[in-house]
Amino acid sequence: MSAGVARGRLSEERKAWRRSHPHGFVAKPETAPDGSVNLMVWHCIIPGRAGVSPHFPNLVDSTDWEGGNYPLTLYFTEDYPSKAPKCMFPKDFFHLNVYGSGMVCLSILNEDGWRPSITVRQLLVGIQDLLDQPNPASPADHEEYQLFVKDPAEYQRRVRQQAKKYPPLV
């Protein structure tokens, strides 16, 4: 797939995002010092989700991730949308499904799970879901997996501590 196809799709994604995007989310292509836009690298913010009670849908509760705005960078290749972008949180981001490098481990980012029809919007909402609903069947980090399984209270404490590192945008 040529870079023209990737850039064309990303340009359309950018237009769609600017028209409508989920509340609290940010997704912007990188801007160079000279003002030019690099559509192949997007800087994003994923807000921590507020919880909803399964028994009382109108009752909003908190999740351990609530209150944080988590930076994520999307790296697209010339093969996009045939191949998924690389999704990176900051190095040493604390999550069961995030490698020490910051790379997100999510089934829809794998070769078998990726579909060219997946949009930036769907990808970011999927990663937000992963934050609060980690997948212990596919851990990216052994230490975080052990905490999640053997000491969930400590896992939750570390998540809440991390949320404070990424305060809400003003």
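What you see is a predicted model, and the numbers here were worked out from it, not measured in a lab. (Residues numbered from 1 in each chain as written. Predicted model: local features only at pLDDT ≥ 70, side-chain atom pairs only at ≥ 80, totals over all residues. Heavy atoms only, no water.)

Participant: Just to check I follow, could you spell out the overall build of the protein for this structure?
Facilitator: Regarding its fold elements, the protein presents 4 helices and 6 strands. Against the compact-globule benchmark of 15 Å for 170 residues, the protein has a radius of gyration of 17 Å, which places it among compact chains. With the principal axes as the frame, the protein shows a C-alpha extent of 50 × 35 × 35 Å. For the protein, the proportion of its 170 residues judged to be buried stands at 40%. In the protein, the share of contacts with a sequence separation of at least 24, taken over all contacts with a separation of at least 6, comes to 62%. In the protein, 19 side chains carry a positive charge and 19 a negative one; their mean positions are 5 Å apart. (Helix = DSSP H or I, 4+ residues; strand = E, 2+ residues; numbered from the N terminus. Rg over C-alpha atoms; globule rule 2.2 N^0.38 Å. Buried < 20%, exposed > 50% of the residue type's maximum accessible area, 1.4 Å probe, protein only. Contact = heavy atoms within 4.5 Å. Lys, Arg positive; Asp, Glu negative; His and termini not counted. Charge placed at Lys NZ, Arg CZ, Asp CG, Glu CD.)

Participant: What is the right way to read unusual backbone geometry from this model?
Facilitator: Keep in mind that most residues, glycine aside, have a negative phi and that most peptide bonds are trans. Omega for the peptide link from Tyr80 to Pro81 comes to 10°, which places this bond in the cis form. Mapping Pro81 onto the fold places it in the loop between strand E5 (69-75) and strand E6 (86-88).

Participant: When you look at the pairing of strand E2 (residues 37-47) in this model, what are you seeing that I'm missing?
Facilitator: Residues in a regular strand project their side chains so that they alternate between the two faces of the sheet. Counting buried positions along E2 yields 8 of 11 residues, so the element is predominantly enclosed. Pairing of strand E1 (residues 26-31) with E2 involves 6 bridges; the strand directions are antiparallel. Paired with Val26 across the two strands is Ile45, which belongs to E2. Taking the residues that link successive antiparallel strands as the turn, the E1-E2 hairpin has 5 residues, and the phi of Gly35 there is positive, at about 95°. Note: E2 against E5, 7 bridges, orientation antiparallel. Following the sheet pairing, Val41 is matched in E5 by Tyr75. (Pairing = 2+ DSSP bridges.)

Participant: Help me understand the nonpolar core in this model?
Facilitator: Nonpolar side chains in soluble globular proteins tend to end up buried together. Leu72, Leu74, Phe89, Val104, Leu124 and Ile127 are the most contacted members of the largest nonpolar core, which has 39 residues in total. For this core, the secondary structure elements donating two or more residues are helix H1 (3-19), E2, E5, helix H2 (120-132) and helix H4 (152-165). Aside from chain neighbours lying at most four places away, what touches Leu72 is Trp42, His43, Cys44, Ile46, Cys87, Met88, Phe89, Val104, Leu124 and Ile127. (Core = buried A, V, L, I, M, F, W, Y, C linked by side-chain atoms within 4.5 Å.)

Participant: What is the right way to look at the side chain of Arg9 in this model?
Facilitator: Note that Arg9 resides in helix H1. Beyond its immediate sequence surroundings of up to four residues, Arg9 is in contact with Tyr80, Pro81, Pro116, Ser117, Ile118 and Thr119.

Participant: How should the packing of helix H3 (residues 142-150) against H4 be read in this particular structure?
Facilitator: Geometry of a packed helix pair, given as the angle between the helix axes and the separation of the axes. Put simply, H3 and H4 touch, their axes get as near as 5 Å, and they point 125° apart. Accordingly, the angle class assigned to the pair H3 and H4 is oblique. Only Pro152, Glu154, Tyr155 and Arg158 of H4 make contact with H3, whose side of the interface consists of Glu143, Glu144, Leu147, Phe148, Val149 and Lys150. Residues belonging to the contact of H3 with H4 are distributed by class as follows: 5 nonpolar, no polar and 5 charged. (Axes fitted to C-alpha atoms, helices over the stretch in contact; angles between N-to-C directions. Parallel < 35°, antiparallel > 145°, perpendicular 65-115°, else oblique. Nonpolar A, V, L, I, M, F, W, Y, C, P; charged D, E, K, R; others polar.)

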